[in-house]
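# A closer look at the structure
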Amino acid sequence: MSDQPATERIPVSVITGFLGSGKTTLLKHLLPQPAMADTAVVINEFGDVGLDHLLVENSSDDTVVLSSGCLCCTIRGDLVDTLRSLFLRRRKGSIPQFKRVVIETTGLADPAPVLHTLMQDPLVSECYRLDGVITTVDAVNGMDQLDRQMESVKQAAVADRILLTKSDLAAAPKVEALQERLRKLNPAAPIHAIRDGRIDAAELLNAGLYNPETKSLDVRRWLKAEAYSDHGHDHDHGHDHHHDHGHDHAHRDQDPHDVNRHDSRIAAFALDWDRPLDWATFVEWIEMLITGHGENLLRLKGILNVAGEDSPIAIHGVQHLFHPPIALPAWPDSDRHSRIVFITRDIARETIETSFRSFFMPKAG
């Protein structure tokens, strides 16, 4: 369908969050904004969003065009069919030439299958690229949901943007405690406390590797590896001695009454390596990780210094699926370290580091 380079594929933002966390209210306030004018919004039902006040210009069975220029489409069949149909209708000119897509997941949904669709289906991945995951967290009920629902923890852990909704209805100390908990789960995602779903769309969009302001691939902005070092994690710099990190997030003894027991299953950290990596060995290592831990590799991003390559390679994986690696045009600065950011469940940081060293540290003798 398309041979477009990654920078020209249509960016997709995924809105996820627990039931009642305000995804629909958020959409109501995003849809009329000028930044959303050329956006196709994929939702389960029109009725849930309440489009009446947004001045519907015309509609068909599964598509509504708003006066703002935003296009709303309901999911027919599965998401793959919907995204393929949207692109074909766009190419034929039967719907507006949208420039981005926003997908709202259902309240109990794991965002991973949506991300898998963007990576795995060959036709979809040729036409679209993931821009970012936006997670809504209810300031009133969020703490309890994180305590009780692992799905809620995963939604926050894999987010690129976190929205703390109903922040005006919760006491300030409760909001602050929830923000701190979310920062520990996900050090890199900006957290915005919002009221009535109101936020500038510009705060949520353009979270991906491609930076539309500079018209270039901005790996530092996308990776945010420094955020992980700010949260008490040392880096392994590829020297020949072993670093003994004294914290094992995934295997800490878990008191069944510990309200943070779900959080303790999540680890967020960055691995730093100062030597060029052999690509074949790296692929072998990743395949080993996928075989042993695929479901629990919640998200992985990285920039790699590959032996024999002048420019870096960007990688992005969600559980057992990886997006095709992207050759960047140049290094962003003089730093040539490889950096890989991990969000894992039930996998200790030490497990990842030990396996990495076993593949890449020089063998004695």
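Below is a summary of the structure that appears in this document. As the structure is a computational prediction, the values presented were derived from the model and not from experiment.

### Some details on the pattern of salt bridges
- With the rule as written, the count across this model stands at 19 salt bridges.
- Across the pair Asp272 and Arg339 runs a salt bridge, and its minimum N-O distance is 3.0 Å. You can see Asp272 sitting in strand S12 (residues 266-273) and its partner Arg339 sitting in strand S17 (residues 338-345), a full 67 residues away along the chain. Comparing Asp272 with Arg339, the two get one shared label, buried.

### Section: the environment of Leu271
- You can see Leu271 is positioned in strand S12.
- Among the residues examined, Leu271 registers a relative accessible area of 2% and is labelled buried.
- Spatially, the C-alpha atom of Leu271 lies 5.6 Å from that of Arg339, the residues being 68 residues apart in sequence.
- Apart from the residues lying within four places of it in its own chain, the contact partners of Leu271 are Ser338, Arg339, Ile340, Phe342, Ile352, Glu353 and Phe356.

### Side note on the side chain of Asn296
- Mapping Asn296 onto the fold places it in the loop between helix H11 (279-293) and strand S13 (297-304).
- Look at Asn296 and you get buried, because its relative accessible area is 19%.
- Sequence-distant contacts of Asn296, defined by excluding residues within four places in its chain, comprise Ile343, Thr344, Arg345, Asp346 and Ile347.

### Observations concerning helix H7 (residues 150-157)
- Here H7 lies mainly inside the structure; seven of its eight residues are buried.
- Turning to H7, its buried residues number three or more, namely Met150, Ser152, Val153, Lys154, Gln155, Ala156 and Ala157.

### Things to note about the pairing of S12
- The buried fraction of S12 is high, at eight of eight residues.
- Burial along S12 is two-sided: Ile266, Ala268, Ala270 and Asp272 and Ala267, Phe269, Leu271 and Trp273, pointing in opposite directions, are all buried.
- Two strands pair when backbone bridges link them, and S12 and S17 are joined in this way by eight bridges, in the antiparallel orientation. When the bridges of S17 are listed, Asp272 appears paired with Arg339.

Criteria and cut-off values
- Residues numbered from 1 in each chain as written.
- Predicted model: local features only at pLDDT ≥ 70, side-chain atom pairs only at ≥ 80, totals over all residues.
- Heavy atoms only, no water.
- Salt bridge = Lys/Arg side-chain N within 4 Å of Asp/Glu carboxyl O.
- Helix = DSSP H or I, 4+ residues; strand = E, 2+ residues; numbered from the N terminus.
- Buried < 20%, exposed > 50% of the residue type's maximum accessible area, 1.4 Å probe, protein only.
- Contact = heavy atoms within 4.5 Å.
- Pairing = 2+ DSSP bridges.

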